[in-house]
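Given next are the chains, with one letter for each unit.
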Amino acid sequence: MNEIGLGSDNIEETSAKTIPISDKEKQENAKKIAEQLLNDKDLGLNKEQVAGILGNIGLESGGFNPSAVNPNDNGKVSSGLVQWRGERREAFKRIYGKYPEEASIEEQVDFIKRELLSSESATLKALKSHVNGTPGQYAEIFMKKYERPSSDPKVNQIEIRKGIANGSADLI
């Protein structure tokens, strides 16, 4: 898996930096994330749906890096596996007592689960209602419903997300 984009409140409020990780760590992290999502009975996701989520996490975090930080994501900091920013990043801090980039993979995946079962339940519903989809199709659903980046394919990098999702299916 390659180092690909980073995604990340107020720029002056953080001195956080992304801590680089090795390719081996990236693969180990991807497997850990997949296992946590796949084994969660409340979510009830299948392998292809999890691979679609991994496609987004891989892109957003620069390769499954939980410490990923973008200090200027449209004037705000975004951080963590899915590049939480603004209120979502602050909600993470209220629950875990730290920002996403300081949290473990398990805590970050737990927060994804919390969101999917509450404020982001439309994403989970969309994933589950799309029957027999491919990892790439699930990556696009997750991107549009949960990540909500620009609709411009050059900006949202949907093809990279789909590629990571398809490659991730082999890890699961």
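Calculation notes
Residues numbered from 1 in each chain as written. Predicted model: local features only at pLDDT ≥ 70, side-chain atom pairs only at ≥ 80, totals over all residues. Heavy atoms only, no water. Helix = DSSP H or I, 4+ residues; strand = E, 2+ residues; numbered from the N terminus. Buried < 20%, exposed > 50% of the residue type's maximum accessible area, 1.4 Å probe, protein only. Polar contact = N/O pair within 3.5 Å; in protein donor to acceptor, adjacent residues only side chain to side chain. Contact = heavy atoms within 4.5 Å. Pairing = 2+ DSSP bridges. Salt bridge = Lys/Arg side-chain N within 4 Å of Asp/Glu carboxyl O. Axes fitted to C-alpha atoms, helices over the stretch in contact; angles between N-to-C directions. Parallel < 35°, antiparallel > 145°, perpendicular 65-115°, else oblique. Left-handed = near helix turned anticlockwise from the far one by under 90°.

Undergrad: Run through the side chain of N56, naming residues and quoting values.
TA: Assignment of secondary structure puts N56 in helix 2 (residues 47-60). Given a relative accessible area of 0%, N56 falls into the buried group. Here G52 takes part through its backbone oxygen, which lies 3.1 Å from a polar atom of the side chain of N56. Ignoring sequence-local partners within four residues, the contact set of N56 consists of A139, F142, M143, E147 and R161.

Undergrad: Can you lay out the sheet that holds strand 1 (residues 69-73) for me, pointing to particular residues and giving the numbers?
TA: On the basis of which strands lie adjacent, the open sheet formed by three strands has the order 1-2-3 and antiparallel pairing. The sheet is open, and its two edges are formed by strand 1 and strand 3 (84-85), each paired on a single side. In this sheet, strand 3 lies alongside strand 2 (residues 76-79) in antiparallel orientation, the contact comprising two bridges. Bridging from a neighbouring strand, S79 pairs with W84 of strand 3.

Undergrad: For the pattern of salt bridges, give the residues involved together with the corresponding values.
TA: Within this structure, the stated rule accounts for 17 salt bridges. A salt bridge links R88 to E120, with the shortest nitrogen-to-oxygen separation between them at 4.0 Å. Here R88, found in helix 3 (residues 86-96), pairs with E120, found in the loop between helix 4 (105-116) and helix 5 (121-129); they are 32 residues apart in sequence, far enough to count as distant. Note that R148 is salt-bridged to E120, the shortest N-O span being 2.8 Å. Separated by 28 residues along the polypeptide, R148 in the loop between helix 6 (135-147) and helix 7 (153-156) and E120 in the loop between helix 4 and helix 5 bring together distant segments of the chain. For E120, a relative accessible area of 8% puts it in the buried group. Among the ionic contacts, a cluster of salt bridges with common partners joins R88, E115, E120 and R148.

Undergrad: Please provide a residue-by-residue account of the packing of helix 2 against helix 6, values included.
TA: Relative orientation and spacing of two packed helices are given, respectively, by the angle between their axes and the distance between those axes. Interhelical geometry of helix 2 versus helix 6 gives an angle of 60 degrees and a closest axis separation of 7 Å. Of the possible angle classes, the one that applies to helix 2 and helix 6 is oblique. Considering only the axes of helix 2 and helix 6, their crossing is right-handed. Taking contact as the criterion, the partners of E48, Q49, A51, G52, I53, N56 and E60 in helix 2 are, on helix 6, P135, Y138, A139, F142, M143 and E147.

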